[in-house]
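# A look at the structure
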There are 2 protein chains.
Amino acid sequence: MIIVGENINATIPGIKPVIQQRDSRKLIQLAENQVKNGATYIDVNVGTGQGSRRDEIDSMMWAIQTLGDVIDAPLCIDSADPAVIKAGLSVINDREKMINSTKAEETHLNSILPLAVQYGANVVALTMDESGIPPTVERRLDACRKIETYSKKYNVPMENIYFDPLVLPISTDGRQAMVTLKTLSAIKSIFPKAKTIMGLSNISYGLPGRKNINAAFLHMALYEGLDAVIINPLEKTIINGVLTGEALIGKDRHFRRYSRAFRKK
Amino acid sequence: MIIVGENINATIPGIKPVIQQRDSRKLIQLAENQVKNGATYIDVNVGTGQGSRRDEIDSMMWAIQTLGDVIDAPLCIDSADPAVIKAGLSVINDREKMINSTKAEETHLNSILPLAVQYGANVVALTMDESGIPPTVERRLDACRKIETYSKKYNVPMENIYFDPLVLPISTDGRQAMVTLKTLSAIKSIFPKAKTIMGLSNISYGLPGRKNINAAFLHMALYEGLDAVIINPLEKTIINGVLTGEALIGKDRHFRRYSRAFRKK
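Since we're looking at a predicted model, the values are computed, not measured.

### A few points about the interface of chain B and chain A
- On the side of chain A, 28 residues touch chain B, which itself brings 28 residues to the contact.
- Between chain B and chain A, the buried area comes to about 2,600 Å², and carbon and sulfur atoms account for 77% of it.
- Between chain B and chain A we count zero salt bridges in total.
- On the surface where chain B and chain A come into contact, there are nine residue pairs in polar contact (both at pLDDT 80 or more).
- Contributions of two or more residues to the side of chain B that touches chain A are made by helix 7 (176-190), helix 8 (210-223), helix 9 (236-248) and helix 10 (256-264) of chain B.
- Element by element, the count of residues in the side of chain B that touches chain A is highest for helix 8 of chain B, at seven residues.
- A class-by-class count of the residues in the side of chain B that touches chain A yields 18 nonpolar, eight polar and two charged.

Okay, here's the thing in structure tokens:
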């Protein structure tokens, strides 16, 4: 499966100064360390939540260029602002790339999908609309249907759409893990060409032993056919969760990745 | 879910002498320790593979009477020999009980199912026949259909049947985890009244890191609705796997069991 490393994110303590001070050495190290630990895609989010839009645009262009010169891995341009995404895409050199993210909201789809076509980028498409994350499977699928309609309109191939069935904490609603997993399952059957992606950590918010809950949830999602996951690849419990899960569902031929990782430990 | 503790089994090194020497103190300790660690059912298998049938019958009667006097937990009488099962059932005092096991084989069904009716026992029903464990979902379901036919004939309620979809090592055939899980899923929809049960450890045979593989497999099985599992409850990885899995699928209301277990650690 695709493992998107989430560690280059300016909202994580310690990462903001790397962005603000244009610390290229540290930025590259953050990416290389994730790749070494299993990431196959590097997410880049430079939004500090403080600077101007111009600041975020400059930061994204710097980060993408800096990484693009040194790292081979595909890059995932992560921002809520289409202008920042466009800036990142404009300086990315030849490689697979992903936009993180759009949602089933007209204005957003109308700005993001043309960029996806222009730059040949994959798109993370959140199964939510302007009113937030729907609590039910059916309404999350409505969001997918709207995204599909717009993707057709803009000629974005469904193969490039990564639906995110979205995760809400089970501590506030014990049924939410099943809602997410059943949404994932329905997406796989209703939109067979589309891919699926998920972050994990929200599921365990407010509970002790979070890493084990996240890994168990990942096992269930892998079983349902999840294609990509957004994680901190330095967390051994989660990376092991990917490896054991893939071995079980028959996606690790002759257990090569599992065995290699086991020997390394 | 029902957690059947598997530690009283004469084929496990160290357990055989407990049986042979009629060590009541040790036998009770083995059961109590499992209950303390989360077992809700105690499996009893006294077959050493060496003594006579008479030896095994005597051992089973001793073990069931010894435990029945002290332990409150339901007991699971585990033997390949219907005469041994009958002996165990004949001395069990008033409590829930289980026969482990029958399979889709005529002679076996004709001896086990009447005992299930006579003693009001649940029955573990292996989805295999006289020719062994079928490699495909459809043929394991054929075994279920045959077991259902005989259960109707003997008036064993389907609620008392615990189908075991059976686990083969993924190290010899990488598709076997999915075969088991898809069999489980099909059983839940074709036989909605029946229950399901599984041992786990076979899945990881021949691979390193077995406990993690077993736990990941358990998470997937719990997601598919597995009702009971046969495990060593002293293995923390597996017991935690039950707790996190049940929290995720919404079967641990307000996370009471999960939180209690977490505080205990």
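### A few points about the environment of Gln-34 of chain B
Residue and element names in this part refer to chain B.
- In this fold, Gln-34 is placed in helix 2 (residues 24-36).
- Under the relative-accessibility criterion, Gln-34 is labelled buried at 0%.
- As for Gln-34 and Glu-246, which are separated by 212 residues in sequence, their C-alpha atoms are 19 Å apart.
- Ignoring anything within four residues of it in the chain, the contact list for Gln-34 reads Gly-5, Glu-6, Asn-7, Ile-8, Ala-39, Ile-42, Pro-233 and Leu-234.
- A distance of 3.2 Å separates a polar side-chain atom of Gln-34 from the backbone nitrogen of Glu-6.

### Description of the sheet that holds strand 6 (residues 161-164) of chain A
Residue and element names in this part refer to chain A.
- Sheet architecture is closed into a barrel: eight strands sit in the order 1-2-3-4-5-6-7-8, paired in parallel fashion. Between one strand axis and the next, the sheet turns through 25° on average, direction left out of account.
- Sitting on the sheet, helix 5 (residues 106-119) touches strand 4 (97-103) and strand 5 (122-126), and the angle it makes with strand 4 is about 165°.

### Details of the state of the cysteines
Residue and element names in this part refer to chain A.
- Enumeration over the complete set of coordinates arrives at zero disulfides over all chains.
- No disulfide involves Cys-76; its nearest neighbouring cysteine sulfur is the one of Cys-144, lying 18 Å away.
- Its relative accessible area of 1% is what places Cys-76 among the buried residues.

### A closer look at helix 6 (residues 137-153) of chain B
All names here are of chain B.
- Over its 17 residues, helix 6 extends 25 Å from the first C-alpha to the last, a length consistent with the 24 Å expected when each residue adds 1.5 Å.
- Along helix 6, the residues classified as buried are Arg-140, Leu-141, Ala-143, Cys-144, Ile-147, Tyr-150 and Ser-151.
- In this structure, the buried residues of helix 6 make contact with strand 4 (97-103), helix 5 (106-119), strand 5 (122-126), strand 6 (161-164) and helix 7.
- One or two positions beyond helix 6, positive phi appears at Asn-155, with a value near 60°.

Reading the values: rules and limits
- Residues numbered from 1 in each chain as written.
- Chains lettered and ligands numbered in written order.
- Predicted model: local features only at pLDDT ≥ 70, side-chain atom pairs only at ≥ 80, totals over all residues.
- Heavy atoms only, no water.
- Contact = heavy atoms within 4.5 Å.
- Buried area = accessible area lost by both parts, 1.4 Å probe.
- Salt bridge = Lys/Arg side-chain N within 4 Å of Asp/Glu carboxyl O.
- Polar contact = N/O pair within 3.5 Å; in protein donor to acceptor, adjacent residues only side chain to side chain.
- Helix = DSSP H or I, 4+ residues; strand = E, 2+ residues; numbered from the N terminus.
- Nonpolar A, V, L, I, M, F, W, Y, C, P; charged D, E, K, R; others polar.
- Buried < 20%, exposed > 50% of the residue type's maximum accessible area, 1.4 Å probe, protein only.
- Pairing = 2+ DSSP bridges.
- Axes fitted to C-alpha atoms, helices over the stretch in contact; angles between N-to-C directions.
- Disulfide = S-S within 2.5 Å.
- Expected span 1.5 Å × (residues − 1).

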